[in-house]
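The chain contents come next:
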There are 2 protein chains.
Amino acid sequence: MTSTSITDLATLRTRLRDLTQPDPAAREAAIARDAMLTKPPGALGRLEDLAQWYAGWRGEAAPRITAPQVVVFAGNHGVAARGISAFPPEVTAQMVANFEAGGAAVNQLAREAGARFSVHAIALDRPTSDFTEGPAMTEAELCEAFAIGWDAVDPDADLLVTGEMGIGNTTSAAALAALLLDGSSADWTGRGTGVDEEGLNRKTAVVASALVRHRPEVTDGLDALARVGGRELAAMAGAIARARSLRVPVILDGFICCAAALALDRTVSGALDHAVAGHLSDEGAHARLLEALGKTPLLELGLRLGEGSGAVLAIPVLKGALACHSGMATFAEAGVAEGG
Amino acid sequence: MTSTSITDLATLRTRLRDLTQPDPAAREAAIARDAMLTKPPGALGRLEDLAQWYAGWRGEAAPRITAPQVVVFAGNHGVAARGISAFPPEVTAQMVANFEAGGAAVNQLAREAGARFSVHAIALDRPTSDFTEGPAMTEAELCEAFAIGWDAVDPDADLLVTGEMGIGNTTSAAALAALLLDGSSADWTGRGTGVDEEGLNRKTAVVASALVRHRPEVTDGLDALARVGGRELAAMAGAIARARSLRVPVILDGFICCAAALALDRTVSGALDHAVAGHLSDEGAHARLLEALGKTPLLELGLRLGEGSGAVLAIPVLKGALACHSGMATFAEAGVAEGG
């Protein structure tokens, strides 16, 4: 599928169902290699599972991560006018400039992780429609943003992180999760970048209003994404789907990234098998969302920044797992006696 | 204190009590800087605490980590003859050769983290005495190993990880923790590198026997270290103490490293203020030991390898924290509106 064929939701759905799968032979070869490495069986814990999972997706018994990519998408939200963020909407564009200048947290973390970084501002002068009054995006707008995400993935990348910036987007993500999963608006609504009690009440009311309007009619993940999502969420979904088609493993970030990923997961079952959860964020509903996705986070450090920051911080864990798996000596090579 | 003055325990104790302290002004300056960075207050969670803690120890408002050091110590244990490990004692020397050749897990992780690596085999041909029959080490032997650790720290390092290798040393660590803290031998004994049920029973009996012999007489952490520790544990304690004197922050590794650190902590209160816990290992009693040390682990990935591996895997977390803290733009620099 090329991005030019992403023009309507029906076609997109059909194409997404053709899920690329990992290579079972490479995974088996990785499991066999693990058993020969100079360590007690299982002693590297989750690093061993990660290495074997990654090997399957890359189709190699002993791969390494040398070209991680971090891509951040930015969008503006009509619903921001309802006073649901601690920051004014202008901050989205200001932070895009900060990303471009290399001054944000994710820039520092991407540099540390040796990752290529890019940011895509999507129609910041055209906020999505207020989803309490109707769909946030038309089908064409959703497809356009999805295609931007699709095209943003470097085919030579060997690991992808998608991040976001968009004042109001925890409200959008909360509505998306609430539409697709069980629970009340309060279950899915949190403080985001730090709204006060009144702001939180407004946010919860906005999500409740979205549920009343959209829940009776929602059909699947992509439909929900159009109804209450944002352009940056659609682009993240597009990038994660594109990574799947390229067999590029993904590290999911926090609440907003996971809500965008959920839209894929609830459109095509198994659509996130090539993804791991980078971290558990401090946004209250993230744990519940990860549970719905069946993902166990790699890190838990109380981050609640977005931008992809928590997932980028987890890149070195995955790099370390592959460095051990593919770089360690075997018992035979090192002349070390095996246990028994 | 130079290593040449580490000749007897009484002198060592006296010298250790003269604890180097962090710079409160640098810490305050780091806290002030954090408030100006382009992110919502607190949004980097624990990374913010880590950066401020590190800044205080390094005496700089905006430091970076550029010279981490990983040092692994190896020793042999008389108690290994009691069948308490899944591996034969020869593996200690074989793994030292593997470390020297760059083939072990910790080598790969240290390379990924950009850390300088060295290994110190300490008198492998002279195992410690079987501590069920008497003290593992004489005072002179303890001081000699402690001094080796002391001298192993590079004064130009800006972060230290101490790792270990020693067949039988989870038994030694369990006895050390049990001697210095509450709980039965079973509370502190686990599977180590993977002993079977019978091996675990022998291990628990060995620790119980150590408690009967040594508990009535133990005076402090260093005394306990001589009674049931090992040369590699004493060297880790020496390196951690030396890092303190140099204001080099430390990332603690798993159960054995933490038991060695406990010996310092129970000799001089506050001796580990310059250390964070790198990870929670899969060795059952590690959680209890971290609790006794008052440390919250950075990672929890089910590792149970030792070698310093879990702590080295945590180096990028700390590097990332400082990269954000010292590299991000301020609101004023980036022209980003602050929230309210």
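This one's a predicted model, so the numbers in the text were calculated from it and none came from an experiment. (Residues numbered from 1 in each chain as written. Chains lettered and ligands numbered in written order. Predicted model: local features only at pLDDT ≥ 70, side-chain atom pairs only at ≥ 80, totals over all residues. Heavy atoms only, no water.)

To continue, consider the pattern of salt bridges. Under the counting rule described, the total for this entry stands at 26 salt bridges over all chains. Between A:Glu48 and A:Lys39 there is a salt bridge, with the nearest N and O atoms lying 3.0 Å from each other. With relative accessibility at 4%, the residue A:Lys39 sits in the buried group. Salt-bridge contacts for B:Arg227 lead to B:Asp223; the nearest nitrogen and oxygen are separated by 2.9 Å. A residue pair is termed a helical-turn pair when its members lie 3 or 4 positions apart in one helix, as B:Arg227 and B:Asp223 do in helix 10 (residues 221–228) at 4 residues. (Salt bridge = Lys/Arg side-chain N within 4 Å of Asp/Glu carboxyl O. Buried < 20%, exposed > 50% of the residue type's maximum accessible area, 1.4 Å probe, protein only. Helix = DSSP H or I, 4+ residues; strand = E, 2+ residues; numbered from the N terminus.)

This paragraph deals with the pairing of strand 3 (residues 159–165) of chain A. All names here are of chain A. Most of strand 3 sits inside the fold, with 7 of its 7 residues counted as buried. Burial of the side chains of strand 3 extends over both faces: Leu 159, Val 161, Gly 163 and Met 165 are buried on one face and Leu 160, Thr 162 and Glu 164 on the other. Two strands pair when backbone bridges link them, and strand 1 (residues 68–74) and strand 3 are joined in this way by 7 bridges, in the parallel orientation. If you follow Val 72 over to strand 3, its bridge partner there is Gly 163. As paired strands, strand 3 and strand 4 (residues 250–252) are joined by 2 bridges and run parallel to one another. Bridging from a neighbouring strand, Leu 160 pairs with Val 250 of strand 4. (Pairing = 2+ DSSP bridges.)

Residues and elements named next belong to chain B. Counted under the stated rule, the structure contains 2 aromatic pairs over all chains. When the centroid spacing of 6.3 Å and the interplanar angle of 50° are considered together, the rings of Phe 99 and Phe 117 count as tilted. Of the two residues, Phe 99 sits in helix 4 (residues 90–101) while Phe 117 sits in strand 2 (residues 116–121), which places them 18 residues apart along the sequence. Here Phe 99 falls in the buried class, since its relative accessible area comes to 2%. Judged by its relative accessible area of 23%, Phe 117 falls in the partly exposed class. (Phe/Tyr/Trp six-rings, centres within 6.5 Å; stacked < 30°, edge-to-face > 60°.)

Superposing chain A onto chain B requires a rotation of 180° together with a translation of 0.0 Å along the rotation axis, leaving an RMSD of 0.0 Å. Taken together, the rotation angle and the small translation identify this as a two-fold axis. Here 100% of the interface residues in chain A have copies in chain B that are interface residues too; the copies meet face to matching face. (Least-squares fit on C-alpha atoms with pLDDT ≥ 70 in both. Contact = heavy atoms within 4.5 Å.)

Residues and elements named next belong to chain A. Considered for burial, the residues of helix 13 (residues 286–293) that qualify are His 286, Leu 289, Leu 290 and Leu 293. Down the axis of helix 13, the smallest arc covering the buried residues is 100°, so these residues share one side. Of the surrounding secondary structure, the elements contacted by the buried residues of helix 13 are helix 7 (169–180), helix 8 (185–188), strand 4, helix 12 (255–265) and strand 5 (275–277). Where helix 13 terminates, the next one or two residues include Gly 294, which has phi positive at roughly 70°. (Arc of directions from axis to C-beta.)

Attention shifts here to the interface of chain A and chain B. Between chain A and chain B, the residue contacts involve 49 residues of the former and 49 residues of the latter. Surface buried jointly by chain A and chain B totals about 3900 Å² across both partners, of which 67% is contributed by carbon and sulfur atoms. In terms of surface lost to chain B, no three residues of chain A exceed A:Pro40, A:Phe87 and A:Leu301, which account for 13% of the buried area on that side. Scanning the region where chain A abuts chain B turns up 12 residue pairs in polar contact (both at pLDDT 80 or more). Sorting the residues of the side of chain A that touches chain B by element identifies helix 3 (46–58), helix 4 (90–101), helix 5 (105–112), helix 14 (309–327) and helix 15 (331–334) of chain A as the ones contributing at least two each. With 8 residues, helix 14 of chain A is the single largest residue contributor to the side of chain A that touches chain B. Grouping the constituent residues of the side of chain A that touches chain B by class yields 29 nonpolar, 14 polar and 6 charged. (Buried area = accessible area lost by both parts, 1.4 Å probe. Polar contact = N/O pair within 3.5 Å; in protein donor to acceptor, adjacent residues only side chain to side chain. Nonpolar A, V, L, I, M, F, W, Y, C, P; charged D, E, K, R; others polar.)

All names here are of chain B. Contact geometry for helix 11 (residues 231–245) and helix 12 (residues 255–265): axes closest at 8 Å, N-to-C directions at 60°. The interaxial crossing formed by helix 11 with helix 12 has right-handed handedness. Where helix 11 approaches helix 12, its residues Leu 233, Met 236, Ala 237, Ile 240 and Ala 241 are matched on the opposing element by Ile 256, Cys 257, Ala 259, Ala 260, Ala 261 and Leu 264. A breakdown of the residues in the contact of helix 11 with helix 12 according to their chemical character gives 11 nonpolar, no polar and no charged. (Axes fitted to C-alpha atoms, helices over the stretch in contact; angles between N-to-C directions. Left-handed = near helix turned anticlockwise from the far one by under 90°.)

The next thing to look at is the side chain of A:Thr132. Residues and elements named next belong to chain A. Examined against the element boundaries, Thr 132 turns out to sit in the loop between strand 2 (116–121) and helix 6 (139–152). For Thr 132, a relative accessible area of 10% puts it in the buried group. At 3.2 Å, the side chain of Thr 132 forms a polar contact with the side chain of Arg 82. If we ignore the near neighbours within four places in the chain, the residues touching Thr 132 are Arg 82, Val 206, Ser 209 and Arg 213.

Moving on to the environment of A:Gly278. Residue and element names in this part refer to chain A. When you line up the elements, Gly 278 lands in the loop between strand 5 and helix 13. The class for Gly 278 is buried, based on a relative accessible area of 0%. In this structure the C-alpha to C-alpha distance between Gly 278 and Phe 331, which are 53 residues apart in sequence, comes to 32 Å.

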